Amino acid sequence: MPHIVEMAPDPDAQELDPHPPVWVRIDVEGHGVEKCVGFAFKASPLAVYVQLQYLGRTHHVWVERRQVTHRRIAPWVT
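Residues numbered from 1 in each chain as written. Predicted model: local features only at pLDDT ≥ 70, side-chain atom pairs only at ≥ 80, totals over all residues. Heavy atoms only, no water.

1. With respect to the overall build of the chain
Note the following rule: Working definition: helices are DSSP H or I runs of at least four residues, strands are E runs of at least two. Numbering for both runs from the N terminus. A radius of gyration in this sense is built from C-alpha atoms; the matching globule rule multiplies 2.2 Å by the number of residues raised to 0.38. Any residue under 20% of the maximum accessible area for its type is buried, any over 50% is exposed, and the rest in between are partly exposed; the area is computed with a 1.4 Å probe on protein chains only. Contacts were defined at the residue level, with two residues in contact if any of their heavy atoms lie within 4.5 Å. Just so you know, the count uses Lys and Arg for positive and Asp and Glu for negative, and it drops His and the chain ends. Charged groups are reduced to one reference atom each: NZ for lysine, CZ for arginine, CG for aspartic acid, CD for glutamic acid.
Secondary structure summary: the chain contains zero helices and seven strands in total. Listed N to C, the secondary structure of the chain is β-β-β-β-β-β-β in terms of helices and strands. Rg of the C-alpha trace for the chain: 13 Å, near the compact-globule value of 12 Å for 78 residues, within the 12% margin. Along the first, second and third principal axes, the C-alpha set of the chain runs to 40 × 30 × 20 Å. Looking at the chain as a whole, 32% of its 78 residues qualify as buried. Long-range contacts, defined as pairs at least 24 residues apart, comprise 47% of the intrachain contacts of the chain with a sequence gap of at least 6. One finds the centroid of the 8 positive side-chain charges in the chain at a distance of 10 Å from the centroid of its 9 negative side-chain charges.

2. Let's talk about the nonpolar core
Note the following rule: Working definition of a nonpolar core: buried Ala, Val, Leu, Ile, Met, Phe, Trp, Tyr and Cys residues. They are joined through side-chain atoms within 4.5 Å.
One finds Ile4, Val24, Ile26, Val50, Leu52 and Tyr54 to be the most contacted residues of the largest nonpolar core, which totals 14 residues. If you list the elements that add at least two residues to this core, you get strand S3 (21-28), strand S4 (32-43), strand S5 (47-54) and strand S6 (57-64). Not counting the four nearest positions on each side in its chain, Leu52 is found in contact with Ile4, Val24, Ile26, Cys36, Val37, Gly38, Arg57, Thr58, His59 and Val61.

3. So, the packing of aromatic side chains
Within a pair of aromatic rings, the relevant descriptors are the distance that separates the centres and the angle that separates the planes. The test is simple: The aromatic pairing rule takes the rings of Phe, Tyr and Trp, using the six-membered ring of Trp, and pairs them if the centres are within 6.5 Å, calling planes under 30 degrees apart stacked, those over 60 edge-to-face and the rest tilted.
Tallied over the entire structure, the rule returns one aromatic pair. Arranged with centres 5.1 Å apart and planes meeting at 45°, the rings of Tyr49 and Trp62 form a pair that is tilted. Of this pair, Tyr49 sits in strand S5 while Trp62 sits in strand S6, and the two are 13 residues apart along the sequence. Given a relative accessible area of 8%, Trp62 falls into the buried group.

Below, the structure is given as C-alpha cells:
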C-alpha cells in the first residue's frame, strides 16, 4: 500500500461541525500527487485534518492548508 505523506498535527486547529466536503491533493510516495474527495474535520490557517478515500480505503491525515479546496456536492436530479 502506498504511503500518503502527511504533516504533523496542528494543536491550534479547530473542530469543524458539520464536516465540509473538500478536494484534497495528497502526495503519495512513489506515485506523485493525487486529487481525492474528502471531508475536513479540523482546520487552522496552516493545516487541515481530513478524511479521504484513496485506493478504496478511508484515510485520516493532516495536510497543508494549500492542499485543500472546497468541494460542492450536487443534489440528485431525477
